[in-house]
Amino acid sequence: MNAHDLITQKDLSNLEDRIIEKISLLIQNHPKPKKWLRTSELCELLGISASSVQNLRNNKKIPHTLIEGTYFYPLEEIESLMEKNRRDINY
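Residues numbered from 1 in each chain as written. Predicted model: local features only at pLDDT ≥ 70, side-chain atom pairs only at ≥ 80, totals over all residues. Heavy atoms only, no water.

### Thoughts on the nonpolar core
If you look at the biggest cluster of nonpolar residues, it comprises eight residues: Leu37, Leu42, Cys43, Val53, Ile62, Tyr73, Leu75 and Ile78. Elements represented by at least two residues in this core include exactly helix H2 (39-46) and helix H4 (75-84). The contact partners of cysteine 43, leaving out residues within four places of it in the chain, are Ile48, Ser49, Ala50 and Val53. (Core = buried A, V, L, I, M, F, W, Y, C linked by side-chain atoms within 4.5 Å. Buried < 20%, exposed > 50% of the residue type's maximum accessible area, 1.4 Å probe, protein only. Helix = DSSP H or I, 4+ residues; strand = E, 2+ residues; numbered from the N terminus. Contact = heavy atoms within 4.5 Å.)

### Overview of the sheet that holds strand S2 (residues 65-67)
As summarised here, the arrangement of the three strands in space is S1-S3-S2, forming an open sheet in which the pairing is antiparallel. On the outer flanks of this sheet lie strand S1 (36-38) and S2, each paired with one strand and no other. In this sheet, adjacent strand axes meet at a mean angle of 35° when their direction is disregarded. Judged from the three bridges that link them, S2 and strand S3 (residues 70-74) form a sheet pairing that is antiparallel. Within S3, the position partnered with isoleucine 67 by the bridge is threonine 70. (Pairing = 2+ DSSP bridges. Axes fitted to C-alpha atoms, helices over the stretch in contact; angles between N-to-C directions.)

### A few points about the packing of H2 against helix H3 (residues 50-58)
Where H2 contacts H3, the two axes come as close as 9 Å, and the packing angle between them is 105°. What the angle tells us is that H2 and H3 run roughly perpendicular. Contacts from Thr39, Leu42 and Cys43 of H2 reach H3 at Ala50, Val53 and Arg57. Here the residues of the contact of H2 with H3 are counted per class, giving four nonpolar, one polar and one charged. (Parallel < 35°, antiparallel > 145°, perpendicular 65-115°, else oblique. Nonpolar A, V, L, I, M, F, W, Y, C, P; charged D, E, K, R; others polar.)

### Here we look at a nonpolar patch on the surface
Taken together, the side chains of Ile7, Leu12, Leu15, Ile19, Ile23 and Ile27 present a nonpolar region at the surface, about 580 Å² in accessible area. For leucine 15, the position within the fold is in helix H1 (residues 9-29). Residue leucine 15 is classed as partly exposed on the basis of its relative accessible area, which comes to 37%. (Patch = residues over 30% accessible without salt bridge, like charges linked within 9 Å, V, L, I, M, F, W, Y side chains within 5 Å. Areas by Shrake-Rupley, 256 points an atom, 1.4 Å probe, with all protein chains shown as cover. Salt bridge = Lys/Arg side-chain N within 4 Å of Asp/Glu carboxyl O.)

### Looking at the packing of aromatic side chains
Applying the stated criterion across every chain, the model contains zero aromatic pairs. Above the plane of the ring of tyrosine 71 lies arginine 57, whose end atom (NZ or CZ) is 3.6 Å from the centre. (Phe/Tyr/Trp six-rings, centres within 6.5 Å; stacked < 30°, edge-to-face > 60°. Lys NZ or Arg CZ within 6 Å of the ring centre and 35° of its normal.)

### Describing the pattern of salt bridges
Evaluated as defined, the whole model comprises three salt bridges. Its salt-bridge partner being glutamate 83, residue arginine 86 comes within 3.5 Å of it at the nearest N-O pair. Given the relative accessible area of 52%, glutamate 83 is considered exposed. Linking arginine 86 and aspartate 88 is a salt bridge whose minimum nitrogen-to-oxygen distance equals 3.0 Å. Looking at aspartate 88, the relative accessible area reads 56%, which means it is exposed. A cluster of three or more residues bridged by salt bridges with shared partners is formed by Glu83, Arg86 and Asp88.

Right, dumping it as structure tokens:
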């Protein structure tokens, strides 16, 4: 081992700073998933029209919250409802 191979305290500190910076960037670029969806987001997720969402809502088939004229749908409950109502096809 020669003098060029030694790792100094400063080297370790610089490495730590770079790792923390990269982790911070990863966290910023991958925000937490949304807990609530608006009607248009639910339409896109399920591949259905806004009127279909309205029918499901009016018939009390999907949970929702209304705040100042905007409907919100809890993503986890929608996903759970989809799994609960899933029908497997047996060939």
